[in-house]
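Structure assessment
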There are 2 protein chains.
Amino acid sequence: MRRSDYGRPLDLRRGVVEMAHGGGGRAMAQLIEELFLHHLDPDAGGAGDDFAVLALPPGRVVMATDAHVVTPRFFPGGDIGALAVHGTVNDVAMAGARPLHLAASFVLEEGLPLAELERIVASMAAAAREAGVRIVTGDTKVVERGKADGLYITTTGVGVVPEGVEIGGARARPGDAVLVSGPVGDHGIAILAARGELGFEVPVRSDTQPLADLVAAMVAAVPQLRCLRDATRGGVAAVLNEIARQSGVGIRLREEAVPVRPEVAAACEFLGLDPLHVACEGRLVAVCPGDRADALLAAMRAHPRGREAAMVGVVVEDAHHFVQMETRFGGSRIVDWLHADQLPRIC
Amino acid sequence: MRRSDYGRPLDLRRGVVEMAHGGGGRAMAQLIEELFLHHLDPDAGGAGDDFAVLALPPGRVVMATDAHVVTPRFFPGGDIGALAVHGTVNDVAMAGARPLHLAASFVLEEGLPLAELERIVASMAAAAREAGVRIVTGDTKVVERGKADGLYITTTGVGVVPEGVEIGGARARPGDAVLVSGPVGDHGIAILAARGELGFEVPVRSDTQPLADLVAAMVAAVPQLRCLRDATRGGVAAVLNEIARQSGVGIRLREEAVPVRPEVAAACEFLGLDPLHVACEGRLVAVCPGDRADALLAAMRAHPRGREAAMVGVVVEDAHHFVQMETRFGGSRIVDWLHADQLPRIC
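Residues numbered from 1 in each chain as written. Chains lettered and ligands numbered in written order. Predicted model: local features only at pLDDT ≥ 70, side-chain atom pairs only at ≥ 80, totals over all residues. Heavy atoms only, no water.

Bringing helix 7 (residues 262–271) of chain A into the picture now. Residues and elements named next belong to chain A. Listed as buried for helix 7 are Val264, Ala267 and Cys268. Seen from one end, helix 7 has its buried residues packed into an arc of 100°, which puts them on one side. Turned more than 90 degrees off the buried face of helix 7, the exposed positions are Pro262, Glu269 and Phe270. Residues of helix 7 that are buried sit in contact with helix 4 (186–194). Of the residues one or two after helix 7, Gly272 is the one with positive phi, at around 75°. (Buried < 20%, exposed > 50% of the residue type's maximum accessible area, 1.4 Å probe, protein only. Helix = DSSP H or I, 4+ residues; strand = E, 2+ residues; numbered from the N terminus. Arc of directions from axis to C-beta. Contact = heavy atoms within 4.5 Å.)

Residues and elements named next belong to chain A. Taken in spatial order, the 7 strands line up as 9-11-8-12-10-13-14 in an open sheet, and their pairing is mixed. What marks the edges here is a single partner per strand, and that holds for strand 9 (227–230) and strand 14 (332–334). Between one strand and the next, the sheet's axes are offset by a mean angle of 25°, whatever the strand orientation. Pairing of strand 10 (residues 250–254) with strand 13 (residues 323–326), which is carried by 4 bridges, proceeds in the parallel orientation. Paired with Leu253 across the strands is Met325, a residue of strand 13. (Pairing = 2+ DSSP bridges. Axes fitted to C-alpha atoms, helices over the stretch in contact; angles between N-to-C directions.)

A word on helix 5 (residues 212–221) of chain A. Buried within helix 5 of chain A are the following residues: Ala212, Leu214, Val215, Met218 and Val219 of chain A. The buried side chains of helix 5 of chain A occupy one side of the element, clustering within an arc of 155° when seen end-on.

Right, let's get into a nonpolar patch on the surface. All names here are of chain A. A cluster of nonpolar residues, Phe200, Phe270 and Leu271, forms a patch on the protein surface that exposes about 280 Å² of accessible area. For Phe200, the location among the structural elements is in the loop between helix 4 and helix 5. Here Phe200 falls in the partly exposed class, since its relative accessible area comes to 33%. (Patch = residues over 30% accessible without salt bridge, like charges linked within 9 Å, V, L, I, M, F, W, Y side chains within 5 Å. Areas by Shrake-Rupley, 256 points an atom, 1.4 Å probe, with all protein chains shown as cover. Salt bridge = Lys/Arg side-chain N within 4 Å of Asp/Glu carboxyl O.)

Bringing the interface of chain A and chain B into the picture now. When the parts of a complex come together, some accessible area is lost, and that lost area is often used as the size of the interface. At the interface, 82 residues of chain A touch 81 residues of chain B. Note on chain A versus chain B: buried area summed over both sides is about 6,000 Å², and carbon and sulfur give 56% of it. Taken as a group, Arg26, Met63 and Arg233 of chain A account for 13% of the area that chain A buries against chain B, more than any other trio of residues on that side. Viewed at the interface, chain B and chain A are joined by 12 salt bridges. Taking the shortest distance from any N to any O, the salt bridge between Asp149 of chain A and Lys147 of chain B comes out at 3.8 Å. At the junction of chain A and chain B, the tally comes to 37 residue pairs in polar contact (both at pLDDT 80 or more). For the side of chain A that touches chain B, the per-class residue count stands at 40 nonpolar, 21 polar and 21 charged. (Buried area = accessible area lost by both parts, 1.4 Å probe. Polar contact = N/O pair within 3.5 Å; in protein donor to acceptor, adjacent residues only side chain to side chain. Nonpolar A, V, L, I, M, F, W, Y, C, P; charged D, E, K, R; others polar.)

Turning next to the domain arrangement of chain A. All names here are of chain A. Taken as a whole, chain A is organised into domain 1 (3–161) and domain 2 (177–334). Relative placement of domain 1 and domain 2: their C-alpha centres are 29 Å apart. Of the roughly 1,800 Å² buried at the junction of domain 1 and domain 2 (both faces included), carbon and sulfur atoms supply 60%. Three residues, Pro76, Asn90 and Met94, lead the burial of domain 1 against domain 2; their summed loss comes to 30% of the area buried on that side. Asp213 serves as the salt-bridge partner of Arg98, at 3.6 Å between the closest nitrogen and oxygen. Taken together, the links from domain 1 to domain 2 amount to 7 residue pairs in polar contact (both at pLDDT 80 or more). Looking at the side of domain 1 that touches domain 2 element by element, the count peaks at 7 residues for helix 2 (residues 80–93). A breakdown of the residues in the side of domain 1 that touches domain 2 according to their chemical character gives 10 nonpolar, 7 polar and 3 charged. (Domains from an automatic or database assignment.)

Turning to the packing of aromatic side chains, a few remarks are in order. Residue and element names in this part refer to chain A. One pass over the full model with this rule turns up 4 aromatic pairs over all chains. A ring pair is formed by Phe36 and Phe106, whose centres lie 4.6 Å apart and whose planes are at 55°; its orientation type is tilted. Here the residue Phe36 occupies a position in helix 1 (residues 26–40), and Phe106 occupies one in strand 5 (residues 98–109), the gap between them amounting to 70 residues. The class for Phe36 is buried, based on a relative accessible area of 5%. (Phe/Tyr/Trp six-rings, centres within 6.5 Å; stacked < 30°, edge-to-face > 60°.)

Take a look at the structure:
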C-alpha cells in the first residue's frame, strides 16, 4: 500500500480507535499497516491475504488458543500484549511442543487511545521475538464505546512436538514426582496490587514469561516427562486437581517444599488467600517418573526460567483423586479445587 | 469428570453466565463440560489439556483467525455461532486449502443467558459438522456486566493446501477473468433489517455459509486459479480494490453482470447504498486466467453453493490500480474503496 492512499498518517500520539478502524475499508487498512504491521511484520509492506501459509518442521502439530481480558492492561512485569503472547506460547509448549506461529485477533473499544494500542502491540512484538514465534496473521474488530473494556486479545498458537515426546494431563502414574518451575502466585498478587485492591504496596512483579525454551531443555533432559501444565487461573492447586482427575490418581504435596516469595506469602496471609490458588503466568507444573526427578530438577535449575524450580510432591494411588498437603506442622489437609478463582480477569 | 464433582447440573433454562464461569475452577469446568463439550465434542468426557494435537494430511498448512462481534446475535439465515465457523473456514478456504481444525475462544458477558449461549454453541457445532471441520480446542473468559455485548467469539482455523495450488491476492494478471459466486449484499441487508434499521420488512436471509467445498470443486476444475477472497466487511468493492492493489492491476466490471437480488437492490436504492459495498458472508470473488473462465464458471454453477455464480469483469493494466464499472447506461464510474464499511459490526 502506498502511504498516499490514506492521506495523512495515523495520529499515534493523540488519535483514538474509531468505529471506522473496524470497517474493512481504508481506515482499517491504515491501522493495520501503520500500527499493527509496523511492529509485528515491518517487511510485509501492507495488508495482504486473510491467511498465512506456515513453514512447519516435521512432527505432530499442536494448536492452542487463549482470550486475554486482564485488567489493568499494564501491570508491574507486563501488560496485556506480552501476556497474550506468553499465555498461548505456554499452552502450546505444555504439549512438549516448540511454538512457532501465532494468530492474533483484537476486539477494540471505540475511544481506546492509539498510543496505548501501539504500546501493547509493540509489547506483543517484543514478546514474540523473545519467545521465538512469529505473529503471522490477525484480525481487528471495533465495538462501540462501553461494549468492551479497552481491548480483548485472542491469540492462537501452532507448534510442533518432536518425535518420541508424549505429554498430557492423563499420563501421571503413582510413584511419579511433581515439580514446579518457580515461586507461585506472583502474577495474581501483582495484578491485585496494580488494581489498588491491597491497600498497601507490594514489591511483586508478574511472573509472565514464555516457557518454551525451558520446556525444550526439560524434554531434552527427560524425554519421559509425563505432564506439563502452566498454572494460570486457579493457580497450582487447580492444575494439580486437573491432573489428578485426568490421570485418576492422587497427589501429595509437602508445604515446606512449595516455593513462595515472602512478599507473596505475606500478602496472601493478609488477604486470607492460599498461594496455591493464586494465578501465575510464567510457572509450570511438571510430572515425571520418580527416578528421573533429580535429572529434571537439575535441568530446570540450569535454565534461567527455572532457576528457582523445586520438587514439591509425589503422585499416589487415590480413588478419590485428592490433592493433599503435608503441612509444616506435620498435619495434612486437602488442597481443594475451588468453585472459581478468587480473582477475576487475571489473564 | 464425574457429574458429582459439580453438585447440581447447570441450569440451562434459566441460568446466566457468572464471573465464576471464567474463574478456572469447578464452575468453569462444569460450563465447559455440560455446555461446550456436550455440543462440540460429546466424546471428550470432560475438560482436558489446553492444547490439541492435530491430524494433518501432507501439504502446506495455512492458518486464519477472525473475531466475531456481530449484532444482533441472531438474524435471518444465521447467528454469531454459525458466522464464527463460516468466517474462519472461509478465510482458510481462500488459500485454496481444505479447512480441518478450528480453535474457538469466547469472551462472555456476565448475565448472558445460558440458554442463549447453548443455542449459539449448538449452532457452531452444526456449522462445523456441515463444513467438515472439528472444533478441537478452546478458551472461555468472562467479563463483568457492561464490559462486552453478550459475547464475542474468535475462531482460528487450520487447513492444508493441496500440492500445486498457489492462490493469493497478488497473483491477478491483465487478461484474467473476475467471477463472483452468487448475489452480493444479502448478509449486510439481512443484518440491517434484523436491527430494525430499515423501517420496512425485507425478506432477505444472510448468505452466511461455508465455502470450502465450493473452493475444492473450483480448484479441481481450474488448478490455475489465481485469487480467491470472500467478500465480508467492505463487500465485493473492498475485495476487488485489495486485489487490484496487491497485484498492481486494474479491474473492469460490468454492472449488468453483477448478481444482486431484487429485494437487496431495492433496499440499497432506498438507503443510498451501493450493493458492491454491502457485506456478504458466503460469497467469494475469484480471479482466473481468461481462457479458463468458462470452465471455472461451469464448475461453480454445478455446485450448490455457486449456482448463481457469474463472470463480472476482467483484469486490466492500470497504473492507478482502479476498479472501474461500466454502468448499465454505457458510462463508466470508479468503484471506490471506502474509508469504512457503511455498517458496523456486521460480522
